[in-house]
Amino acid sequence: MAAMEIEFKFHIPAGRLKAVEAAMRRGTVVRTRLQARYFDTADQALAAEGIVLRLRKEGRRWVQTAKATGDNALHRLEHNVDLGAAAAGGAAPAIDPQRHQGTPVGERLAKVLAASGAPLVERQSTDIARLTRDVRTTGAGAAVVELALDVGKVVAHAGTPDQSESPVCELELELKRGDVTGLVALAHRWSQQHGLWFSTVSKAERGARLLAKLDVVPAVKAEAPRFADEKEKPDGRAIQQAVVASCLAQMLPNASEIAAGSTDEEQIHQLRIGIRRLRTALRELVGLDPRTDLFNGAEWEPPLVEAFRALGALRDREQVVKLAQPQLRDAGAPEFDPLAGDDAAAEAPSPGEVVRAPAFQSVLVSLIGFTAATAAESAPQADAEGAGQPASASAPAPLDAGEARRHLRKRLQRLHKQVVRDGQRFESLAAEDQHRTRKRLKRLRYLAEFVAPLFADEDEGKKPAAERYLKRLRPAQDALGEFNDEAVALALYREATGRDARAWFAVGWFSGRHAAGAKACRKALGRIEKAPRFWEKRS
């Protein structure tokens, strides 16, 4: 059976498991023991391409499954083959990739295995006790959703002396049929009631980490949006969905690691970049689909701003000191730690607490749901179940491809002009306006990166033109970034003078550099004015 799987997966904190199980048992549940074996090549060619090949005993039946990543955070390609009941005391059936032939995931599987040329080997296994229950939502978001509570373990190198284990405690919500908004409504309700957080780590990934003995995985960086059909240009709604999906592809894996307890600096940094990109998308893409209330900022803005600031509060101060201390040392400054005795840092929430916050998780659930919703499901909806009411029949349609590009031209042109205007008078701007200019420049850069592919067919060489434009922005970004770091350092050392008089040297040194830094920013911003604007039509 081939299918596009749409599901949410949440990690359950140990202290919340009893409450989640009790809530599951308020309806009719089915208990199943799942014993799975996962296969890959020795060099993990399938894992590298986001593909899972699994043989699982579900109760008394054997099922072979192939999975692969889909278009967004909710979609998974999946194909299941029922191999029948297990014989009493009999051996497991042999794994056979050909069973998935003729399906989208099977084609990807065959391609990777052919390129690798290596045989399949068993890499890990799982032993899971699963409780399942079907829940129906009503109203415009009518749906049937399967809830699956999984408790058990992943075992790497099963049956060998060096085997290792990782516990599993998670809740999956899978859309069996109906409206995605019904799935999203349930995901909101269960995650908020039980303090769950969205996780991107699959059981197969847990096993791969055990095999590699990885405690920390590399941070995920930004990638360009993937527009579904390059020949048929996307309309306004499709643009919004693709860009938000691109932002989430960077945010979710990093947020998942941080929520689980990671304090890796690069993961925190990349999550903050993802939040900044997302805020740009939700601001600058407003108007592409008048039906989409997600972009009005009323609900998503405060949690994103709070998380961004909280994650940056400690990291920014530490990074600034790390950059400033060598310069001050070379200038002859007395040695001391400006963060010593800083009570604000001690009282700040941990990165994990910030990401696990219910308000932040609620925003993630809403955004994930938006990327998977159909046009009808994207219309403003909100009933008692969270599933929604039908949109008005007279609700305006999203902008078509041509209208969307004209709309985006105006947004790009407006930001470009604002940045150039601010650059011309940068030295005379108030500090808060100088900081606003830096944020506008970032928004201009992110918006240009988001939409550059949409203008690639209008004129030969458009993509290189976009790259040239973005390259012209970089010196200004660097100059404003350095200027901002020194402004943060000045404020930090000025604050530290109340604890240590040695901080006055740094205050004087950074104050003396301020004028030169502002001048450098003005010159760098001035070079943007004549940059070739890739979004402009050319004769």
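- Looking at an unreviewed UniProt entry, one finds the chain named CYTH and CHAD domain-containing protein and attributed to Variovorax beijingensis.

**Some details on the overall build of the chain**
Turning to step 1, where the next piece is worked out: The secondary structure content of the chain amounts to 15 helices and nine strands.
Turning to step 2, where the next piece is worked out: Counted over contacts in the chain with a minimum sequence separation of 6, partners at least 24 positions apart contribute 76%.
Turning to step 3, where the next piece is worked out: Accessible surface, the chain as shown: approximately 25,500 Å² in total, 51% of it carbon and sulfur.

**Remarks on the packing of helix H7 (residues 265–284) against helix H13 (residues 431–451)**
Turning to step 1, where the next piece is worked out: The N-to-C vectors of H7 and H13 enclose an angle of 80 degrees; their axes lie 9 Å apart at closest approach. Between H7 and H13, the angle is such that the two are roughly perpendicular. Contacts from Ile273, Arg276, Arg277, Thr280, Ala281, Arg283 and Glu284 of H7 reach H13 at Lys442, Arg443, Tyr446, Leu447 and Phe450.
Turning to step 2, where the next piece is worked out: Residues that form the contact of H7 with H13 fall into these classes: five nonpolar, one polar and six charged.

**Here's the deal with the packing of aromatic side chains**
Turning to step 1, where the next piece is worked out: Taken as a whole, this structure holds 11 aromatic pairs when the rule is applied.
Turning to step 2, where the next piece is worked out: With a centroid separation of 5.1 Å and an interplanar angle of 80 degrees, the aromatic rings of tryptophan 509 and phenylalanine 510 are classed as edge-to-face.
Turning to step 3, where the next piece is worked out: Between phenylalanine 534 and tryptophan 535, the aromatic rings sit 5.3 Å apart at their centres with planes inclined by 85 degrees, giving edge-to-face as the arrangement. Across the pair, tryptophan 535 and phenylalanine 534 agree in class, each one buried.
Turning to step 4, where the next piece is worked out: Within the aromatic cluster, the residues linked to one another by ring pairs are Phe336, Tyr493, Trp509 and Phe510.

**A word on the layout of surface pockets**
Turning to step 1, where the next piece is worked out: In this structure, the second largest pocket encloses a volume near 1,600 Å³.
Turning to step 2, where the next piece is worked out: Lining of the second largest pocket is provided by 44 residues; of these, Arg272, Arg276, Phe308, Arg438 and Lys442 occupy positions nearest its centre.
Turning to step 3, where the next piece is worked out: Elements with a minimum of two residues in the lining of the second largest pocket: H7, helix H8 (301–330), H13 and helix H14 (462–496).
Turning to step 4, where the next piece is worked out: For the lining of the second largest pocket, the element with the highest residue contribution is H13, accounting for 12 residues.

**As for the pattern of salt bridges**
Turning to step 1, where the next piece is worked out: Tallied over the full model, the rule gives 33 salt bridges.
Turning to step 2, where the next piece is worked out: Between arginine 436 and aspartate 433 there is a salt bridge; the shortest N-O distance is 3.4 Å. Placement of both arginine 436 and aspartate 433 in helix H13 is noted, with a separation of three residues, approximately one turn of the helix.
Turning to step 3, where the next piece is worked out: With its nearest N and O atoms 3.2 Å apart, the salt bridge here joins glutamate 449 to arginine 445. Note that glutamate 449 and arginine 445 are positioned in helix H13 at a spacing of four residues, about one turn of the helix.
Turning to step 4, where the next piece is worked out: Take glutamate 449: its relative accessible area is 30%, and that puts it in the partly exposed class.
Turning to step 5, where the next piece is worked out: Salt bridges sharing common partners tie together Lys9, Arg130, Asp150, Glu170, Glu172 and Lys203.

**Focus on H7**
Turning to step 1, where the next piece is worked out: Here H7 is 20 residues long and its end C-alpha atoms lie 29 Å apart, about the 28 Å a rise of 1.5 Å per residue gives.
Turning to step 2, where the next piece is worked out: Burial within H7 is extensive, with 15 of its 20 residues counted as buried.
Turning to step 3, where the next piece is worked out: With a side-chain oxygen positioned 3.3 Å from the backbone nitrogen of glutamate 266, the residue opening H7 is aspartate 264.

**Points about the pairing of strand S3 (residues 51–58)**
Turning to step 1, where the next piece is worked out: Two elements, strand S2 (residues 30–41) and S3, share six bridges in a ladder whose sense is antiparallel. Paired with phenylalanine 39 across the two strands is leucine 53, which belongs to S3.
Turning to step 2, where the next piece is worked out: Examined bridge by bridge, S3 and strand S4 (residues 61–69) share eight bridges and lie antiparallel to one another. Bridging from a neighbouring strand, leucine 53 pairs with alanine 66 of S4.
Turning to step 3, where the next piece is worked out: Linking S3 back to S4 in an antiparallel pair, the connection comprises two residues, with glycine 59 at a positive phi of about 70 degrees.

**Points about helix H4 (residues 180–194)**
Turning to step 1, where the next piece is worked out: In this model H4 runs 21 Å from its N-terminal to its C-terminal C-alpha over 15 residues, within 8% of the 21 Å that 1.5 Å per residue would give.
Turning to step 2, where the next piece is worked out: Counting buried residues along H4, 12 of its 15 residues qualify, which places the element largely inside the surrounding structure.
Turning to step 3, where the next piece is worked out: Every buried residue of H4 is accounted for by Val180, Thr181, Gly182, Leu183, Val184, Ala185, Leu186, Ala187, His188, Trp190, Ser191 and His194.
Turning to step 4, where the next piece is worked out: Two residues or fewer after H4 comes glycine 195, characterised by a positive phi angle close to 65 degrees.

**Focus: the pairing of S2**
Turning to step 1, where the next piece is worked out: Direction of pairing for S2 relative to strand S6 (residues 120–137): antiparallel, over a ladder of 12 bridges. Across the sheet, the residue bridging to valine 30 is threonine 132, located in S6.

**So, the environment of proline 225**
Turning to step 1, where the next piece is worked out: The residue proline 225 is located in the loop between helix H5 (203–212) and helix H6 (236–259) in this model.
Turning to step 2, where the next piece is worked out: Put simply, proline 225 and alanine 452 are 227 residues apart on the chain and 9.8 Å apart in space, counted from C-alpha to C-alpha.
Turning to step 3, where the next piece is worked out: Setting aside its immediate chain neighbours within four residues, proline 225 contacts Ala242, Val243, Ser246, Glu449 and Phe450.

**Here we look at the packing of helix H12 (residues 401–424) against H13**
Turning to step 1, where the next piece is worked out: At a minimum axis distance of 9 Å, the contact between H12 and H13 shows a crossing angle of 150 degrees. By the angle between their directions, the pair H12 and H13 is classed as roughly antiparallel. As for how H12 packs across H13, the hand of that crossing is left-handed. Two secondary-structure elements touch here, H12 through Leu408, Arg411, Leu412, Arg414, Leu415, His416, Gln418, Val419, Arg421 and Asp422 and H13 through Thr437, Arg440, Leu441, Arg443, Leu444, Leu447, Ala448 and Val451.
Turning to step 2, where the next piece is worked out: When its residues are assigned to classes, the contact of H12 with H13 shows nine nonpolar, three polar and six charged.

**With respect to the nonpolar core**
Turning to step 1, where the next piece is worked out: With 99 residues, the main nonpolar core has Phe8, Leu173, Ile275, Leu412, Ile528 and Phe534 as its most contacted residues.
Turning to step 2, where the next piece is worked out: Considering every element that reaches this core, the biggest residue donor is H6, with 11 residues.
Turning to step 3, where the next piece is worked out: Look past the residues within four positions of leucine 412 in its chain and what remains in contact with it is Leu444, Leu447, Ala448, Val451, Phe455, Phe534 and Trp535.
Turning to step 4, where the next piece is worked out: The next biggest cluster of nonpolar side chains, apart from the first, holds 15 residues, and it includes Leu55, Val105, Leu109 and Leu113.

The rules we used
Residues numbered from 1 in each chain as written. Predicted model: local features only at pLDDT ≥ 70, side-chain atom pairs only at ≥ 80, totals over all residues. Heavy atoms only, no water. Helix = DSSP H or I, 4+ residues; strand = E, 2+ residues; numbered from the N terminus. Contact = heavy atoms within 4.5 Å. Areas by Shrake-Rupley, 256 points an atom, 1.4 Å probe, with all protein chains shown as cover. Axes fitted to C-alpha atoms, helices over the stretch in contact; angles between N-to-C directions. Parallel < 35°, antiparallel > 145°, perpendicular 65-115°, else oblique. Nonpolar A, V, L, I, M, F, W, Y, C, P; charged D, E, K, R; others polar. Phe/Tyr/Trp six-rings, centres within 6.5 Å; stacked < 30°, edge-to-face > 60°. Buried < 20%, exposed > 50% of the residue type's maximum accessible area, 1.4 Å probe, protein only. 1 Å grid on protein atoms, 1.4 Å probe; cavity = no way out; pocket = protein on both sides within 12 Å on 5 of 7 lines; lining within 4 Å. Points joined across faces, edges and corners; volume = space filled by probe spheres on them. Salt bridge = Lys/Arg side-chain N within 4 Å of Asp/Glu carboxyl O. Expected span 1.5 Å × (residues − 1). Polar contact = N/O pair within 3.5 Å; in protein donor to acceptor, adjacent residues only side chain to side chain. Pairing = 2+ DSSP bridges. Left-handed = near helix turned anticlockwise from the far one by under 90°. Core = buried A, V, L, I, M, F, W, Y, C linked by side-chain atoms within 4.5 Å.

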